[in-house]
Structures are given as C-alpha cells and as structure tokens.
Amino acid sequence: MNPGKSTGTLSGARSLGMIVLSLLFLCSCASEKVRNPVPPSLRDTAEVAGTRGLRVWGDGHDNALNGDFVQSIRDEPAGSFPRGPNGEIQYSGLALSGGGEHGAFGAGFLEGWSASGTRPKFKVVTGISTGALIAPFALLGPEYDETLKEAYTNTTVDKVLAKKWLAGAYWRESLFDNHPLEKMVREAMSDGVIDAIGKAHRNGQRLFVSTTNFDAQRPVIWNMGAVANSQHPDAYALFRKIIVASTAIPAVFIDVNADGKRYSEMHVDGGTLGQMFFYGSSMDWQAALRDANGGTQPDDQSVLYIIVDGQIAPDYETVRRRLLPITNRTIQTLVKVSAWSALYRMYLHAQIGGYGLKYTALPEDYQPESDEPYDPTEMRRMFEIGQTMAENGESWQSAPPGFRHCGGDK
C-alpha cells in the first residue's frame, strides 16, 4: 500500500516522486546498518527457520508447486469443488493486484460480487502489495466482506506509514516507518484469521503472496497456508511479516538458515517486480491436473479472475516542465507498464495452461476528487464504484488491451 496521489494509476506516485527527489540530495555512501546477507552461492538453499515448502522463486518452474497443487486436489473434502455434469474441472482462481488506496475498489468489488450471488469459492487466491492485504479475506469468503469494507473505507495515511525526519536519512535505508502498517496488519490478521487460512489450506485451498527479494532482484511466492500450518516457532508473526513485506515501501528483513548458519534476507513490496501474479511458468497447470486425475487429462473449464486495483488503460495528463511533475509521471508510467506486462504475461499463461481469464479494473473515465493519499471519502467512492460494477456483472474483460481486436472482450 504505497501512499501517493489518488490518480487512477495502480500506485500513487506523488510521495514516491518526493522520495526519489529527496534521495538525489543525499550522499550515496551512507553507512549501512549491520546485516548478514545470504551469500550468492546459498541463495537457492536458504530456508526460513529450516522449514521447507513455504516458498519458491516466482520467476521459474518449480516442481514443488506442481506437487503442492496435486496435493491440494487430494485434500479437498467431497463436494467442496464440484465438477461439471460431464466431469469438467471448474476451479476459480483470483489474482489481486497492487494499488495502494485503490485497493478500496477491489474490496468493494468483492462485496458487490457476493451480493450478486455469482461469486465463486476460490481454489487459489494470490495477492501483491495492497492485494496481499485483501487476499486472505477473499480466500475465506463473503463473511469477511465487512472486514474489508471497514479497512478500506476508514483507513488514513497515518495508519499505513509514518514519515521520518529527512535530516536523519543519511543513516537510514528509508524515509518511512512501517510501524503503523505493522499495527494494522497485526489487528486485521488475528490468530483466528491465520488459523482459518491454515484450515482452508488443509481443505485444498491455496493462498499465495509475493514479495521481492531485493538482494536477488527476484520475486518470491509464499505459500501462506503452509506458513500458517508450519512448525515455525512463531508462525503467526512470520505470516504477518510476509504480508507487511509484500506491502511495504521500507525493507523488511526475514531471518533464514543456510548451510547451518543464520542470515538475513531483504524483502520489499512485491509490486516492485510486477503488479499481479498467478502460477504462470512456475508450474505446469495441465500436468498437475493430469497427475491428480490418475494420468488422464480432464476437461478443464477453470477461470482465473483478476481484480486490478486501478486503471489499466493509458490516461492523458499535461505534464508541467518541472522536475517533480516529470518524476511523478515517470513513476506512474513505469508502474502502469508493469501492470500491462503482468496482465499480458498472465493472459499468455492462461492460453498455454488452457484455462479462462477475466479481469476488471477501475473504469477508464474514473477521475479522483481528492489529491490526498488515503482520503477516506475518495476510498469510499472507489469502494462503491467496485461494488456497483460487480453487482451489475458487466465489467469483465477477457483479453488485455491490444488483444481486444481479436474479439476477446465480453
């Protein structure tokens, strides 16, 4: 949840632009706080507290994900994911993007979807940044819609981040403090919520959250149900720390073990490397279905739904010839291009994987009525827009911009 101007972009950029400008005036050779980073040769073997199966790299194939998905199918209670009349697989997946305060749109959309009576039970839910905050409740179902509504219509910027004094930035790695966000996550992700995620995992559902391993410049996919069910000495705290890491501007440090020694990994906002994700090339979807079906390829009619917390289409804005406006616009553009790239990639993987894809986003004609980050009035407005769109049931697109000429949209 990155603070910034409430434009329709996936993440507000005004505050980010100010950070960049501030850093331009700071010495780049400031003293680094002491940490013990993972040596490059051990980056693939480092594990959290020696516990295996909690995470995988998100930028390459991993057989563990195939095995985990097969196991999830075997763990399903009878009737929890009924097949079609001819035995068709009909799983529903949900991917939630980053977008800071624009997560209010996603929260409202989920509530409207529930009210429409068409919201499915999700087999897999993934989230990045603000999407990582929504994802656990989306997986647990409509009974948590009110929790999301409260979080995304009454949040103010001081509940997310606290600014530090610029004068001390020379000795720090960030101009912001995560403590308000940590408090919010601690209150929202109660032990009971985490236990419910663990139970859902044991019943065949999957919740994945992505962070960016900053040292490695690689995405990390965390299996949050496995974290909830793990033997980690402080699984609740680890669960919350991963959520914060996926959402945070300042770095979050996660202790790991490798080759019998303890190290520290630096993780930052998952949106640094992409605004949304699903399995993609990390697993072979059809092979996993075939393995779970005794070697026979089933008829797969699964659908991946994507809620983009922001506008996906380009928006025209006259940019002033000043450093701050140009910096802001540059960051806005980079973030939006990251969203396009992620959407195109997920569309391609859906074509290869043989499942359907539908996405929705803030309308192209949405214009904010406030310039303040995390303005509760503006967030309530976005919540209501999402709610109305979902209730009407006419907002889904089935092909990203640039592919619409093929007749993919509905």
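Residues numbered from 1 in each chain as written. Predicted model: local features only at pLDDT ≥ 70, side-chain atom pairs only at ≥ 80, totals over all residues. Heavy atoms only, no water.

Caption draft 1: Here's a closer look at unusual backbone geometry. With a phi angle near 55°, Gln217 is a residue other than glycine that sits in the positive phi range. Considering the arrangement of structural elements, one finds Gln217 in the loop between strand E6 (206-213) and strand E7 (218-223). In this structure, Tyr374 is a non-glycine residue whose phi angle is positive, near 55°. Structurally, Tyr374 is set in the loop between strand E11 (356-361) and helix H12 (376-392). (Helix = DSSP H or I, 4+ residues; strand = E, 2+ residues; numbered from the N terminus.)

Caption draft 2: Focus on helix H7 (residues 191-202). Here H7 contains 12 residues, and its C-alpha end-to-end distance of 17 Å stays within 8% of the 16 Å for a straight helix at 1.5 Å per residue. Turning to H7, its buried residues number three or more, namely Val193, Ile194, Ile197, Gly198, Ala200 and His201. All buried residues of H7 fall inside an arc of 160° around its axis, so they share one side. (Expected span 1.5 Å × (residues − 1). Buried < 20%, exposed > 50% of the residue type's maximum accessible area, 1.4 Å probe, protein only. Arc of directions from axis to C-beta.)

Caption draft 3: Spatial organisation of the pattern of salt bridges. The final tally for this structure, using the stated rule, is 16 salt bridges. Arg218 is paired through a salt bridge with Asp59; the nearest N and O atoms lie 2.9 Å apart. Of this pair, Arg218 sits in strand E7 while Asp59 sits in the loop between strand E1 (55-57) and helix H2 (63-74); the two residues are 159 residues apart in sequence, bridging distant segments of the chain. The residue Arg240 makes a salt bridge to Asp191 at a minimum N-O spacing of 2.5 Å. With Arg240 in helix H9 (residues 235-247) and Asp191 in helix H7, this pair connects stretches of sequence that are 49 residues apart. Asp191 sits in the partly exposed class, given a relative accessible area of 37%. One connected set of salt bridges, linked through shared partners, spans Asp315, Glu317, Arg329 and Lys336. (Salt bridge = Lys/Arg side-chain N within 4 Å of Asp/Glu carboxyl O.)

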